[in-house]
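Below are the chains, spelled out letter by letter.
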Amino acid sequence: MSFRNSALFLSLGLAGYALWLPTPAGAQKATKKPAQKAPAGKAPAKPATVAPNFDKDVVKFMGEFCIGCHSADVSPGGVKIPKKFTVTDVQKNQALWAKVAQNVSNKHMPPQGMPQPSQGQRDKLVKFIDGVFGGDCRLPDPGRVTMRRLNKEEYNNTVRDLLGVSIRPADDFPSDDVGYGFDNIGDVLSISALHMERYMSAAEKVAKAAIRIPRTKTLVVRGTELRGQGGTNPNDASGLLFFSNGTGTATFKVDADGWYRIRVRAGEQHAGPEFSKMRVTFDRNELGVVDVKAPRAKPEAYEFPLKLNKGTVQVSASFLNDYFQAAQNGQPAQDRNMIVASIELVGPTEDTSSYPAAHKKLIPETPTAANREEAARKALSEFATRAYRRPVEPSEADRLMQLFNLAMRTGEPYEKGIQLGVQAILCSPHFLYRVELDANPKDTKSIRSLNGYELASRLSYFLWSSMPDDELFALAKSGEITKPAVLSAQIKRMIRDPRAEALVDNFAMQWLQLRRLPFMQPDPELFKTFDAKLVDDMLQETGLTFKSVMLEDKSILEFIDSRTTYLNERLAKHYGIPGVEGDKFQKVTLKDPNRGGLLTQASVLTVTSNPNRTSPTKRGRWILEQILGTPPPPPPPGVGDLGDDKHFTENMTVRQRLEEHRKNPACANCHLKMDAMGFGFENFDPVGRWRTKDGKFNVDATGTIPGGKNFSGAAQLKKILLAEKDAFARAFGEKLLTFALGRGLQSADKCALDDVQNKASKSNYKFSAVVDAIVQSEPFRKRRGEGG
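Here is what the cut-offs are and how they apply
- Residues numbered from 1 in each chain as written.
- Predicted model: local features only at pLDDT ≥ 70, side-chain atom pairs only at ≥ 80, totals over all residues.
- Heavy atoms only, no water.
- Helix = DSSP H or I, 4+ residues; strand = E, 2+ residues; numbered from the N terminus.
- Buried < 20%, exposed > 50% of the residue type's maximum accessible area, 1.4 Å probe, protein only.
- Contact = heavy atoms within 4.5 Å.
- 1 Å grid on protein atoms, 1.4 Å probe; cavity = no way out; pocket = protein on both sides within 12 Å on 5 of 7 lines; lining within 4 Å.
- Points joined across faces, edges and corners; volume = space filled by probe spheres on them.
- Nonpolar A, V, L, I, M, F, W, Y, C, P; charged D, E, K, R; others polar.
- Core = buried A, V, L, I, M, F, W, Y, C linked by side-chain atoms within 4.5 Å.
- pLDDT = per-residue confidence, 0-100.
- Pairing = 2+ DSSP bridges.
- Expected span 1.5 Å × (residues − 1).
- Arc of directions from axis to C-beta.
- Polar contact = N/O pair within 3.5 Å; in protein donor to acceptor, adjacent residues only side chain to side chain.

Engineer: Explain the overall build of the protein chain to me, using residue names and the numbers behind them.
Structural biologist: Within the protein chain one finds 28 helices and 22 strands. The buried share among the 788 residues of the protein chain stands at 52%. Of the contacts made within the protein chain by residues no fewer than 6 positions apart, 73% connect residues no fewer than 24 positions apart.

Engineer: Got a sec to walk through empty space enclosed by the protein? Specific residues and values, please.
Structural biologist: Throughout the structure, instances matching the rule amount to nine cavities of 30 Å³ or more. As a volume, the largest cavity reaches approximately 110 Å³. Considering the residues around the largest cavity, the lining is formed by 13 residues, among which Val145, Thr146, Arg148, Arg434 and Glu436 are closest to the centre. Broken down by class, the residue content of the lining of the largest cavity amounts to six nonpolar, two polar and five charged.

Engineer: Describe in detail the nonpolar core, supporting the description with residues and values.
Structural biologist: Soluble, globular proteins show a tendency: their nonpolar side chains are buried together. Formed by 141 residues in total, the largest nonpolar core has its most connected members in Ile418, Phe462, Trp511 and Phe732. Setting aside anything within four residues of it in sequence, one finds Phe462 in contact with Leu503, Leu736, Phe739, Ala740, Val771, Ile774, Val775 and Phe780. In this structure, Phe252, Phe282, Val290 and Tyr302 belong to the second largest nonpolar core, which totals 30 residues.

Engineer: Requested: an account of the confidence of the model for the protein chain, with residues and values cited.
Structural biologist: Predicted confidence across the protein chain gives a mean pLDDT of 88, with 89% of residues reaching 70 or more. The low-confidence segment residues 1-48 (pLDDT under 50) makes 108 contacts with residues lying over four places distant or belonging to another chain.

Engineer: Tell me about the pairing of strand E21 (residues 709-712), and please be specific about residues and values.
Structural biologist: Strand direction decides the pairing type here: strand E20 (residues 702-705) and E21, joined by four bridges, are antiparallel. The residue bridging Gly703 from the neighbouring strand is Phe711, located in E21. Two successive antiparallel strands, E20 and E21, enclose a turn made up of three residues, where Gly707 displays a positive phi of approximately 110 degrees.

Engineer: How would you sum up helix H2 (residues 54-65)? Please name residues and give values.
Structural biologist: The terminal C-alpha atoms of H2 lie 15 Å apart, and with twelve residues this matches the ideal 16 Å at 1.5 Å per residue to within 8%. Along H2, the residues classified as buried are Phe54, Asp57, Val58, Phe61, Met62 and Phe65. The buried side chains of H2 occupy one side of the element, clustering within an arc of 120 degrees when seen end-on. Facing away from the buried surface of H2 by more than 90 degrees, the exposed residues are Asp55, Lys56 and Lys60. Packed against the buried residues of H2 are helix H3 (67-70), helix H4 (87-92), helix H5 (94-105) and helix H6 (119-133). Structurally, the start of H2 carries an N-cap: the backbone nitrogen of Asp55 is 3.0 Å from a side-chain oxygen of Asn53.

Listed below in structure tokens is the structure:
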């Protein structure tokens, strides 16, 4: 078996746990605590809200506003509601009724042009459905996160922080699937045979980059060539045989000053209560005395590091404890003998000052034969503890030592044994997966707090997309990390750390859907200046904007509108903003109120456009989904793109084409909202430049959103969006919580989102308040069983 296959075999032996757990079961929805009666002498509290009535507030509502269209065999949006239904029917079909509640709450339904319920009627319907699936926020359900593997970015970052290597082996892994808008969702992070192959290759590559095998030459004197003194026999085919106490000596010519290793391969014929004892010396200076435990037929190597000067040296191996007992009482004679197969001089070794930091940490110095097993166990146990993100079990360390000892028995250097141990650890599911084990995994009522190590991992992979650092490990070990004040302090520290750049790259870019930007292909004839460099500039502006809000703890409302941005000369020229020179990005104060915030940055405007024209529909949908958290339902089957309508002519503006498109009753309601939002950004062309003309037509950036709010241009539309700051805070919190947990949100998470929204509002919507509310939430700090 090769060392590489041995590493895989032994590492897979560490996988004592199932790699997959089923998707979390449906969770509970929260209801508000009824108001209490005020004490005498004080103003009375508002009376408790009357609980919704099923027949009056649900059955009647559905009959009056919904069933007429949605009870047919072919229903709009595929939402079919029975003409008669009970509370039990609602309970049995959570997916359907959750969709009903969402669309009624977001006012996507009933469609415009149809009779509309009052806000009170909407609220009672949604509250009743919430109550059916929900519970009490005083008894929250934290949900369950599916055990998941590290995604590509997390793997690269973890390897970087674990070993200090700069290689990115996960770039060669298969692409990660995306769920709920992010690529760190446990339910979609499957593992394939190709993954296993790439994990093996990556582990070998990383281990070799981290642990250097010294490049040396080896001088060998076979046992039959040694000069024997005392009870020795040089004529044994296996080497120099010691039938009694004696010494065997080899002479070596040292060509250069430096560090060397004396390697003696020896075995014994065992007898008596002790192993054979061997003393090794050079020029009569003792290097050490070791027990020779290997059998005579399979001698093992015993190494001794030392510094030598140029010249000639003599190395000797002596047998110290001969033992013989004659046959007696029917027992055969016992005769302890030792054999030396060879004495080797290995070196000189390389200058270790240039070795990788991981090598120096794992192997601060090459141990002697007497203590190398102890040193290896300590090094591999400490490394496995960091790699597994929790203390390593003794049995796991034993398995790693099997691999190390395999290397030693075959005469490999100490460094090779450590290297193979590291490789095995990197193949282990305890490294590849983020593991949270439950005592009662099948009990849905079994809710527990995460232990310190689990909480440290959740926090570090949330903010850094990487493993915990030494400070987090120390707090996990002591249990201090579970204290709210300590968590808050760690959040502030970690956000200031350069590793928090991962939150920009992995959360912000996915939240804003900007990972698609490098693949956008605007018409090169219409947009000649659009190239890869400009794409990089667009992404840089957005990244720096997000980073400034994060590092300076600004209000998240600056994502909607801000008076500053970050530009270099090329991007400033693209925007038509004078006074910016050079390739380096700099903070710029914006004079035009239409610019500012993420919504008017070229990155977002380009990714929500078509190759040859703007798309008010895509831009409006993006705002509804990413900014307001009210995504419209999917388009009805068979409805084509805007360019597919046969009634369109070249003399029609985009607005006129959309008006024609909305004449289709199946499209009208959602497009009324999406298109109106998108019209506000029509002054920006498909690559984000300012314009007043769209071809031969004047740009019309006016619009009216449902509710009768009118605007003209991006500046006024942003003011309307800022008035919905609680909706944005909740939507942003929902995206961030999804990313932090690595799972889609459930009805029971409403309580946590309520808290995120409230804390954001009280802090003037500071970025840190949103992050702190998420980390302190029940879903982040706890988990429950899954159920049978």
